[in-house]
Amino acid sequence: MAELKVAVNNPTGTTREQDLIALVQDGQNELFYELVRPYERRVYAAALAILRNETDAEDVAQEAMLKAFANIRQFRAEARFSTWLIQITVNEALMRRRRERTVVMEGIDDRREEESDYAPRDFADWREIPSEVLERKEVRQKLAEALATLDRKYREVFVLRDMEQLNIQETAEALGISVASVKTRLLRARLMLRDLLAAGWEQGWFSRLPFEKGSKPW
Amino acid sequence: MVVNCEQVWHEISNFIEGEVDAGLRAAMDEHFRTCKRCASVLAGTRNVMRLYGDERMIEVPAGFGLRLERRLALNARVRSRPWSTWSAWLVPVAALLLFAGGLRVANSLATGPELKSEHAQPGWGIPPDMQVVVTADAKVFHVAGCGVIHNKSTERTLTAKEAMQQGYVPCLRCMREYLHTASAGHVTLETEADGGCRGGTSRSGALETPQTDCSSPGQRAMLLSDND
């Protein structure tokens, strides 16, 4: 029913998302879930990256969605809706973390100064890993575990930029840090993950992949 | 321009982002053609970005979407509800008063505490002397050991009666058995801001309660056990 209404009321060539936003802003509250459903995963992942606790992450993700719903009339078309939603989520998650003071439990590395001179450790022959590996749950699990080993400041930037697909500027604004810090942390996060996954190769994470004998995907 | 390996590593992220100038890009391209190690670093970094950027890497807990949809639906209903129209709920409130025996309920309605969550579910048959725990800045009370208690450092124990008098509402998870009843009169509710409790529940009460009025303090007080 709602979908039909959207299709009929779309004479201007606007996207489906823009139509949904306009309708919800106009009071059709029941369409809000349809609007945010495509971003459920990303909102949850953003909250999880900051809170590192599934229960808290779900709660914050839901709170963020409710806050977005409450403020939908303030959303302006010049911003991407997904970015707006992720930024609300990041704010909610940061507030939750401050409230629960979990920051004191973070690793010692978080107190170090920014370091951009991280040097790669593994230089084996490489090739592209096919994305089909992600069909295997154990591979996804290993990748998630590798990500979880990163210090908070690197993990947050990496998740927002490379998983949530915010741009550098948006990532900086969401986390309240400088663009330069985002770039520095992003470089380090990517190189560290690359080394972790290269080590994972040694441990056979991708052992059932059809790579040629003796070569690595790095 | 010629770049060495360390310069390449330092700029490799910007290179992938397309944020290096044309001269540096050309120099790095040339370096990658001749340096197997740096080509390995570039390919591995791209692998990382491609794999982690895949949506399959993000898994949400089972039922996440359903719980979210219910919560949004409840929120949407509440927002569109004409609260200013007193007549819309005077009738069910009056019926409630009659059903419960009048004066005692009326007193509790008049003097009950402010709820910490305006859309909470009332409990049913909760023993008033049951030991429960609450935490600062939260809205719900829990059985000790409940898995969704936040801010545990501020935890304090009190009776269910005291908790409800102070405006706390039952946790949807650990107090679930008190949120489900068997008789007719169905109300589907979910707390709007229960501080971490998940899951929608469908409840029905021996007391037929309007959806909009479940959080009435007096009504919740009445839903304590009779020996309260």
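Note that the structure is a prediction, hence the values are computed from the model and not measured. (Residues numbered from 1 in each chain as written. Chains lettered and ligands numbered in written order. Predicted model: local features only at pLDDT ≥ 70, side-chain atom pairs only at ≥ 80, totals over all residues.)

**Some remarks on the overall build of chain B**
Along the backbone of chain B there are eight helices and six strands. Overall, chain B shows an N-to-C arrangement of helices and strands of α-α-α-α-α-α-β-β-β-α-β-β-β-α. Here chain B, with 228 residues, has 36% of them falling under the buried criterion. A fraction of 68% describes how many contacts in chain B between residues 6 or more apart in sequence connect residues 24 or more apart. (Helix = DSSP H or I, 4+ residues; strand = E, 2+ residues; numbered from the N terminus. Buried ≥ 20, exposed ≤ 12 C-beta atoms within 10 Å, placed from the backbone. Contact = placed C-beta atoms within 7 Å.)

**Some thoughts on the overall build of chain A**
Across its full length, chain A holds 10 helices and zero strands. Taken from the N to the C terminus, the helices and strands of chain A come in the order α-α-α-α-α-α-α-α-α-α. The buried share among the 218 residues of chain A stands at 42%. Of the contacts formed within chain A by residues at least 6 apart in sequence, a portion of 68% connects residues at least 24 apart.

**Re helix 4 (residues 40-51) of chain A**
Residue and element names in this part refer to chain A. With 12 residues, helix 4 extends 16 Å between its outermost C-alpha atoms, agreeing within 8% with the 16 Å of an ideal straight helix rising 1.5 Å per residue. In terms of burial, helix 4 is largely enclosed, as 11 of its 12 residues are buried. A positive phi of about 60 degrees marks Arg52, the residue just after helix 4. (Expected span 1.5 Å × (residues − 1).)

**Section: the interface of chain A and chain B**
Facing the 47 residues of chain A at the interface are 39 residues of chain B. For the side of chain A that touches chain B, the secondary structure elements donating two or more residues are helix 3 (32-36), helix 4, helix 5 (54-70), helix 7 (137-148), helix 8 (152-163) and helix 10 (179-202) of chain A. Class assignment of the residues belonging to the side of chain A that touches chain B gives a composition of 24 nonpolar, six polar and 17 charged. (Nonpolar A, V, L, I, M, F, W, Y, C, P; charged D, E, K, R; others polar.)

**Concerning unusual backbone geometry**
Residues and elements named next belong to chain A. At Arg52, a position not held by glycine, the phi torsion is positive, near 60 degrees. Phi is positive for Gln165, which is not a glycine, with a value near 65 degrees. Position of Gln165 relative to the elements: it lies in the loop between helix 8 and helix 9 (168-175). In this structure Gln165 comes out as partly exposed when scored by C-beta crowding, with 15 C-beta atoms within 10 Å.

**Some points on the confidence of the model for chain B**
Residue and element names in this part refer to chain B. In this model, chain B carries an average pLDDT of 68, and 57% of its residues clear a pLDDT of 70 or more. Within chain B, strand 5 (residues 186-189) has the poorest average pLDDT of any element, 31, and helix 2 (residues 22-34) the best, 95. Here residues 108-112 is a poorly scored stretch, pLDDT under 50, and it has eight contacts once near neighbours within four places are set aside; other chains count. Interface confidence for the predicted complex, given as ipTM, is 0.78, next to a pTM of 0.59. (pLDDT = per-residue confidence, 0-100.)

**Focus on the nonpolar core**
Membership of the largest hydrophobic core comes to 67 residues, with the highest contact counts inside it found for A:Val43, A:Tyr44, A:Ala46, A:Ala47 and A:Met65. Sort the elements by how many residues they give to this core and helix 10 of chain A lands first, with 10 residues. One finds B:Phe141, B:Ala160, B:Ala163 and B:Tyr168 within the second-largest nonpolar core, a separate group that totals 18 residues. (Core = buried A, V, L, I, M, F, W, Y, C linked by C-beta atoms within 7 Å.)

**Some remarks on the packing of helix 4 of chain A against helix 8 of chain A**
Packed helices, taken two at a time, are described by the angle their axes make and the gap between the axes. All names here are of chain A. In contact at an axis separation of 9 Å, helix 4 and helix 8 are set at 165 degrees when each is read in the N-to-C sense. By the angle between their directions, the pair helix 4 and helix 8 is classed as roughly antiparallel. Crossing geometry of helix 4 relative to helix 8 is assigned as right-handed. From helix 4, Ala45, Ala46, Ala49 and Ile50 reach across to helix 8, where they touch Arg155, Glu156, Val159, Leu160 and Met163. (Axes fitted to C-alpha atoms, helices over the stretch in contact; angles between N-to-C directions. Parallel < 35°, antiparallel > 145°, perpendicular 65-115°, else oblique. Left-handed = near helix turned anticlockwise from the far one by under 90°.)

**Focus: the confidence of the model for chain A**
Residues and elements named next belong to chain A. Mean pLDDT over chain A works out to 81, with 75% of the residues at or above the 70 mark. Predicted confidence for residues 1-8 stays below pLDDT 50, and this span has seven contacts to residues more than four positions away or in other chains. A low-confidence stretch, residues 106-111 (pLDDT under 50), is modelled with six contacts involving residues beyond four sequence positions or located in other chains.

**Quick word on the environment of A:Leu147**
Residue and element names in this part refer to chain A. Within the secondary structure, Leu147 sits in helix 7. The spacing of Leu147 and Phe158 is 11 residues in sequence and 9.0 Å in space, taken between C-alpha atoms. Apart from the residues lying within four places of it in its own chain, the contact partners of Leu147 are Arg155 and Leu193.

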